[in-house]
Amino acid sequence: RLPQGFRVDVIREEEDTLEFDMVGIDAAIANAFRRILLAEVPTMAVEKVFVYNNTSIVQDEILAHRLGLIPIRADPRLFEYRNQGDQEGTEIDTLQFQLKIKCKRNPQAAKESSDPDELYFNHKVYSKHMTWVPLGNQTDLFPDADFRPVHDDILIALLRPGQEIDVLMHCVKGIGKDHAKFSPVATASYRLLPDITLLQPIEDEAAETLQKCFSPGVIEIQNINGKKVARVANARLDTFSREVFRHEGLKNLVRLARVRNHYIFSVESTGILPPDVLVSEAIKILMGKCQRFLNELDSVSME
């Protein structure tokens, strides 16, 4: 049962970032929610790398590690977790990608040129060179699928003429608790809403000094009867720099506090899933945890 007055306000929503307020909850719930976003919402990531040929200067292990950290645009809800001990992937638990590229000289390059982009073909290996290889009947299962890295311009390795990379990758479903590569968020954080109170009117020069002590937009100056008077315009923008306490004439006129049950959440997705989907998935996981706990309590009371 949620506390009285609980609400969620979406403040700002962009392609990969979401800022929202959770008002009327306890710190433990807010932190549980943050940790679920970081470590328990599943994604797909490269788990196994089969190296058929790698003559680049990047060692096989380093190459595999770099490939593992590339975010893959694939909805994890379409896949199952792979069973422990399974060496071969199936169409329901594995996505297969191939990276096959060889560097060659450009015969048309100017003799005096020293620019590698002009001298060589394929000397930069990017994530766009990873191609999806359907497993089993995945072509029928996902007719409209566009499984690929989230970003095309992630640099994986540098090659020189004659060097090549030929690898096959298996992406599986996992959670950030097992490895950071499965974490669906770049950042998931919260802070308490700042509460700034002016204990008495602050005017003229003092008002201008006060305005400079805070982030832009926190304090505004109004013109009242020919006097410049400071007022708190938007405490939310404050970063708690405490600069105001350096001024003897101001430090006793301002009270800085935080609203104890008002949490400002910021969720930045890696691009695998939109941030609003991540939030709803995290809520489902939290509900599942609560339900499991209640079931445990019921079973104990019955015993």
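Here the structure is a predicted model, which is why all the values come from computation and not from measurement.

(A) Molecular detail of the UniProt feature "domain: DNA-directed RNA polymerase RpoA/D/Rpb3-type" (unreviewed entry) in the protein. The UniProt entry lists residues 17-296 under the feature "domain: DNA-directed RNA polymerase RpoA/D/Rpb3-type" (unreviewed entry), expressed in the numbering used here. Between the C-alpha atoms that bound residues 17-296 there is a distance of 36 Å. The span itself is 22% helix and 35% strand.

(B) Up close: the nonpolar core. Judged by nonpolar contacts, the single largest core of 26 residues is most densely connected at L67, L99, M130, I156 and I165. For this core, the secondary-structure elements that each account for two or more residues are strand 3 (43-54), helix 2 (60-68), strand 5 (95-102), strand 11 (155-158) and strand 12 (164-174). Those residues in contact with I165, other than ones at most four positions away along the chain, are N53, N54, S56, L63, L99, K100, I101, V125, A157 and L159. Counting 23 residues, the second largest nonpolar core, distinct from the first, contains M22, F33, A188 and V267.

(C) Spotlight on the packing of helix 1 (residues 27-39) against helix 6 (residues 275-302). It is at 9 Å that the axes of helix 1 and helix 6 come closest, and there the two elements cross at 115°. By crossing handedness, the relation of helix 1 to helix 6 is classed as right-handed. Along the contact surface, helix 1 presents I29, A32, F33, I36 and L37, while helix 6 presents L278, V279, A282, I283, I285, L286 and K289. In terms of residue class, the contact of helix 1 with helix 6 is made up of 11 nonpolar, no polar and one charged.

(D) Here's a closer look at a nonpolar patch on the surface. Judged by side-chain polarity, F293, L294 and L297 come together as a nonpolar surface patch covering roughly 310 Å² of accessible area. Residue placement: L297 occurs in helix 6.

(E) Layout of unusual backbone geometry. One non-glycine residue with positive phi stands out, namely F240, at about 55°. Residue position: F240 is located in the loop between strand 15 (227-232) and strand 16 (254-269). The phi torsion at R242 lies on the positive side, around 60°, for a residue other than glycine. Checked against the element boundaries, R242 lands in the loop between strand 15 and strand 16.

What counts, and where the lines are drawn
- Residues numbered from 1 in each chain as written.
- Predicted model: local features only at pLDDT ≥ 70, side-chain atom pairs only at ≥ 80, totals over all residues.
- Heavy atoms only, no water.
- UniProt positions renumbered as here; feature names shortened; annotations may be inferred.
- Helix = DSSP H or I, 4+ residues; strand = E, 2+ residues; numbered from the N terminus.
- Core = buried A, V, L, I, M, F, W, Y, C linked by side-chain atoms within 4.5 Å.
- Buried < 20%, exposed > 50% of the residue type's maximum accessible area, 1.4 Å probe, protein only.
- Contact = heavy atoms within 4.5 Å.
- Axes fitted to C-alpha atoms, helices over the stretch in contact; angles between N-to-C directions.
- Left-handed = near helix turned anticlockwise from the far one by under 90°.
- Nonpolar A, V, L, I, M, F, W, Y, C, P; charged D, E, K, R; others polar.
- Patch = residues over 30% accessible without salt bridge, like charges linked within 9 Å, V, L, I, M, F, W, Y side chains within 5 Å.
- Areas by Shrake-Rupley, 256 points an atom, 1.4 Å probe, with all protein chains shown as cover.
- Salt bridge = Lys/Arg side-chain N within 4 Å of Asp/Glu carboxyl O.

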